[in-house]
Each structure stands twice: as C-alpha cells, then as structure tokens.
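# Chains, contacts and geometry: an overview
Take a look at the letters that make up each chain.
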Amino acid sequence: MAREQASPQTSGQTFNVVIVGQHGRLAYEALIFAASLRHSCPDFKGRLIVAEPQAGVLWKNDPSIKNAEVRAALEALGAEIVPFENKHFGEAYPYGNKIEMLKVLPKGEPFVFFDTDTLITGDLMSVPFDFDRPSASMRREGTWPIPQIYGPGYTGLWKSLYDKFGLDFDSSLDLSQPDEYWRRYLYFNAGFFYYRCPREFGAKFLHYALAIRDTPPVELCAQTFDPWLDQVALPLVIHALGGGRDTLPEGYLDGEVSCHYRFLPLLYARETDRTIAVLETVTAPNKLKKVLKGSNAIKRTIYQGRGHKVRALFDQDNMPRREQMIRNRIKKNGFWIR
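The structure contained in this document is the topic of the report that follows. A quick note: this is a predicted structure, and the numbers were derived from the prediction, not measured. (Residues numbered from 1 in each chain as written. Predicted model: local features only at pLDDT ≥ 70, side-chain atom pairs only at ≥ 80, totals over all residues. Heavy atoms only, no water.)

### Side note on the sheet that holds strand β7 (residues 189–195)
This is how the line gets drawn: Whether two strands pair comes down to DSSP finding at least two bridges between them. By the criteria applied, helices consist of DSSP H or I runs no shorter than four residues and strands consist of E runs no shorter than two, each listed in order from the N terminus. Contacts between residues were defined by any pair of non-hydrogen atoms, one from each residue, lying within 4.5 Å. An axis is simply a line fitted to the C-alpha atoms; with a helix, the fit covers only the stretch in contact. Between two such axes, the angle follows the N-to-C directions and lies from 0 to 180 degrees.
Across the sheet, which stays open at both edges, the 6 strands sit in the order β3-β2-β1-β4-β7-β6 with mixed pairing between neighbours. Each having just a single partner strand, β3 (79–84) and β6 (136–137) make up the two edges of the open sheet. Bridge analysis of strand β1 (residues 16–20) against strand β4 (residues 111–114) gives 3 bridges, and the strand direction is parallel. Its bridge partner lying in β4, valine 18 is registered against phenylalanine 113. Along the sheet, helix α2 (residues 68–76) contacts β2 (48–53) and β3; its crossing angle with β3, the most-contacted strand, is approximately 125°. Packing of helix α6 (residues 229–240) onto the sheet brings it into contact with β6 and β7, and relative to β7 it is tilted by some 30°.

Structure follows, in structure tokens:
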C-alpha cells in the first residue's frame, strides 16, 4: 500500500524519542540508533532520551552503561541519559525495562519509544503520528498465544484478557481475517509504540502487565508469558487508550523511516540496500568507529565485512518465509553473532 501524504496538522510535530540503553550490546545499539537519528533526521526538535536502568536488588550485576567512551559518544550526539529504577521486573524479565522506564519521561509530552536495535533511515519528523490514538509495530509474527489441543482457541484466550480488564473485545477484531487466525486479533511487536503522555501509557502498561503475570485468567493456564509479556499487555493498553492497528499510515515506521533489524546479521540478510547504506554511513566516522569497535559483533559484521558475506547467502527476491530459517542459514555458515 502506498503511504499517505502527511497532513499539515500531523507532520512537523515536536515529540521526544526514547530508547533503553544498558551495559553491553544495548549500549552500542543505542549509539548506532542515535547516530542514525542525527543523520537521517537532522531537523529533529525533540529530546533523545536514553533511559538507563540502575543497579538494584532486581539485578545480579549493574545494568547501567559503564563504558565512559560510549556515554560520551551518546552525549556528543545530543542524547540525554536518564536513570530509572526497576521495582517490578529487572534481570528476570529485562523486556520490562520498556514498561518501567516510562515513569521517568516528561509528563504530558508526546513520545515515541523504539527498541535500540532500530535504525532511523528517513525523516522522523514527516511521520503523521496521531498521539491521541496510540499504535505499535505491525511487523510481527504470531508468536503468542499458542492454543492447546484441549484448550480455548485464539478467541477464548484473547477474550479472557479483554474481559479481565473490562475492555470491549469485539471492537478489537480485524474482521477481514478468518476466525481463529492469529491476525484477526490485535497483536503488535513492541519494537515501537507512542502516545501523548508516557506516564499515562506507562501506568496502564504496568498495571496490565503485572496483573497478567501475577493473576492471569484461568483460560491462560497453559500459556507462557516469557518472553511475550510486554506484547501480551501492549494491545490491551493501546485498545484501552483509543488506539489500534490502523492509526498510523503504512510505509513510514518499519518502512521508509525506520528499520527494526533485531540483530546485525539479520539486517544484512534481509533489509534493503538503502538500509545497509545508512548503517555503514553513520558508523563510518573515525570517532564513532573507535568506540563501536568495542563490540565484537559490530566490529566483525560491519567493519570486517562479514555482513556482506551474510548478504551473499540470500536471494533478496526469494527470501525464506520465516525468520528462524534465515537465522539457521546464517548460523550454518558461521556468521551468526550478537
């Protein structure tokens, strides 16, 4: 579908961008994200916030960004490193960082959250966000739930959650999809999401996630929430706040403006030539290269050319249908690294 033109009322808005940065891989990914934002969207007017989990009882080791060179490079790119405390998730469920960090973002200021393994490839200011009607990434697979032979199907499983929180289930359905097919039910990848107020979004996200984790409906007794808890709660939050699957025109995020690549070998395997060009352009400056080489995955994949060897393994016009098949081919050839 061709993307719609941004209207004057929705383009050029001021909003904050937030990612989570912590010790290790995510710190280096945060640096590439910041560099790509500055390169692809030089007129970005909001704040770039790197939310940083702090040491505490829920972490075995200090999760904060301890590499002084990485911190300095982030700040040189205009990023603000904002600490937050984990009170509910931490090491046991690190995906909970994207839920708990929302409490330290500026109240009442529109925000867009991105996973750190995202590249900004176009003008983020051109995206026609409707911050009153939240949404999230539709680039997903049917990872949750997994209906059991003698248990409820998709309808029974999802409806139990809507009923638990007093939400209207029927209005969440995509009636163009068949009954008991996973795409009929509201489901997102949590690689990005947005709303007009992070505190309001975060309070509901936390409430739903904790209630699902601690007191799930009996219909879900055979389901696992690790690592899917954030993606189980997210559609309920978005639906409760008046959003949905169609509130953002196609072709912007997970399209011309952003790429959620997951891991660098996957980026080289399946993303566009343009995306690879952006990655290699933003990581080329010597000042940044010196810091990024601290990551073995970045050094080998980008700077030592393994990424292009990965790309040569695939026909871009005939890619495997499932991500796991792509991963397996990369691993078989010895190029998987994270």
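### Structural notes on the environment of valine 237
Secondary-structure assignment places valine 237 in helix α6. Those residues in contact with valine 237 that sit more than four places away from it in its chain are Phe201, Lys204, Phe205 and Tyr208.

### Side note on α2
Cut-off, in case you're wondering: For each residue, the accessible area found with a 1.4 Å probe, counting protein chains only, is set against the maximum for its type, and the residue is called buried under 20%, exposed over 50%, and partly exposed in between. Of all possible arcs, the one meant is that of the directions from the helix axis to the C-beta atoms. In protein, a polar contact means a hydrogen-donor-capable atom and an acceptor-capable atom, both N or O and within 3.5 Å, with residues adjacent in sequence counting only if both atoms are side-chain atoms; elsewhere, any N or O pair within 3.5 Å suffices.
Along α2, the residues that are buried comprise Val70, Ala73 and Leu74. One face of α2 carries all of its buried residues, which in axial projection span an arc of 100°. Residues of α2 that are exposed and point over 90 degrees away from its buried face: Ala68 and Ala76. Turning to α2, the residues buried within the fold contact α1 (25–40), β2, β3 and α10 (286–292). The backbone nitrogen of glutamate 69 lies 2.9 Å from a side-chain oxygen of the residue at the head of α2, namely asparagine 67. Count one or two residues on from α2 and you reach glycine 78, which has phi positive near 90°.

### Digging into the pattern of salt bridges
Quick note on the threshold: The term salt bridge refers to a side-chain nitrogen of Lys or Arg lying within 4 Å of a carboxyl oxygen of Asp or Glu.
Using the criterion set out here, one finds 18 salt bridges in the structure. Measuring nitrogen to oxygen at the nearest pair gives 3.0 Å for the salt bridge that ties arginine 262 to glutamate 323. Taken together, the residues span a long stretch of sequence, with arginine 262 in the loop between β8 (258–260) and α8 (264–270) and glutamate 323 in helix α13 (residues 323–332) at a distance of 61 residues. Classification of arginine 262 as partly exposed rests on a relative accessible area of 26%. The class of glutamate 323 is buried, set by a relative accessible area of 12%. Taken together, the salt bridges that share partners define one network made up of Arg139, Arg262, Arg270, Glu271, Glu323 and Arg327.

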